[in-house]
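# Examining the three-dimensional arrangement
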Amino acid sequence: MKLEKPKIDFYKRLCNKVLQGNKQKVNNEEYYQLVTELLEWNPELYTAWNYRKELITHYLFGKIEESGVDDEDAAKHRILSEELQFVLAKLKRSPKSYWIWNHRMWCLKLDKLSDWKMELKLIETFMMADSRNYHVWSYRRFIISCMKGDPNVKESNDLIDFSEFEFTTKMINKDISNYSAWHNRTNLIQNLFQKAPQLTAAEVNNKSLFEYLQIFNERNITRFLQKELSLVKTAVYTDPDDSSVWFYLKWLISDFFIKKVADNSALSSIIVSLMNDVKELNEVEEDDNGVENKWCLISIAYLQQQLAKVDATLVNLEEFVECLRKLQRLDPMRIERYKKFKIVL
């Protein structure tokens, strides 16, 4: 403990000096270096990151403006590129820090010469270490949003969306429990049904993806649900206790899609077929584990609710009520929630 005391005392003095400089709005080289040193000690100190923003905009950028350089954007780009390297080193130590990721986004917003492709490569590197890191997925959405708003980016917005759809497919095939990948997919699907790129099979170079592209361009919701539910069925059978897949299944049979399908017969057939698959899985779970699967029961009840909106004659009220009774026994903590489940006929 005695060996640590000098380090603790030094950190306290450094921290107090930086905080005092921030309070007094001191923007100079000394305090820029002090903040750098403090963040080496503690990259999670959000006040230091906020102070660093002030030092960059008022001190470093101020020097550029005073010097009267011909190309201010290029000069700021050099500073921000160095800052991105500094931030990267901290992210390697703390890849789930809000403050560090936010600071990186702040840098890119200021930089008119940002390299989006390089950022996407960086994201893939972080995802190799942890494909479910929420912060990395949030950062990817930010980069994609910036690319869409950058006139220097050659790819059209619909092509970017389709590339991202392809990326989520790849990530889900690697790990079906990737909640962020399923979530991203919901947003991309909505975008692609509004506008999808016009590509040939040779340009896509993947039979399954090209089928998706045709579906998006035709705006064929029924065909989409049939194809996508095949993927979901594989996922739920792989891990029946993975909530992320069940939430995605619920979204697929939500009012968003139901209201867009004109053919009620085809839609009711899809829902009934899906319900039978879930019942079959539930039976397997009961045989293997001696207890029915909560997510299967929740989904059966939900599918009965949605089926009532399409064809009330196909609804099995007894089965719906029995599912809720079983859920109240299996999951007593949410008993009040299950009591509120209703079917409107």
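As a reminder, the structure under discussion sits directly above these lines.
A quick note: this is a predicted structure, and the numbers were derived from the prediction, not measured. (Residues numbered from 1 in each chain as written. Predicted model: local features only at pLDDT ≥ 70, side-chain atom pairs only at ≥ 80, totals over all residues. Heavy atoms only, no water.)

Turning our eyes to something else, we now look at the pattern of salt bridges. One pass over the full model with this rule turns up 24 salt bridges. Residue E218 is joined to R223 by a salt bridge in which the shortest nitrogen-to-oxygen separation is 3.3 Å. E218 sits in the partly exposed class, given a relative accessible area of 48%. Residue classification places R223 among the partly exposed residues on the basis of a relative accessible area of 30%. We note a salt bridge from D255 to K309, for which the minimum N-O separation is 2.9 Å. In this pair, D255 is assigned in helix α14 (residues 255-258) and K309 in helix α16 (residues 294-310), connecting sequence segments 54 residues apart. (Salt bridge = Lys/Arg side-chain N within 4 Å of Asp/Glu carboxyl O. Buried < 20%, exposed > 50% of the residue type's maximum accessible area, 1.4 Å probe, protein only. Helix = DSSP H or I, 4+ residues; strand = E, 2+ residues; numbered from the N terminus.)

Position of R140 among the secondary structure elements: in helix α7 (residues 134-148). Under the relative-accessibility criterion, R140 is labelled buried at 4%. Beyond its immediate chain neighbours, meaning those up to four positions away, R140 contacts L120, I123, E124, M127, E164 and F167. (Contact = heavy atoms within 4.5 Å.)

For the coordinates displayed, the defined rule picks out 0 disulfides. The thiol sulfur of C107 is not disulfide-bonded, and the nearest other cysteine sulfur, from C146, lies at 12 Å. Left unpaired, C323 is separated from the closest cysteine sulfur, that of C296, by 9.7 Å. What makes C323 buried here is its relative accessible area of 5%. (Disulfide = S-S within 2.5 Å.)

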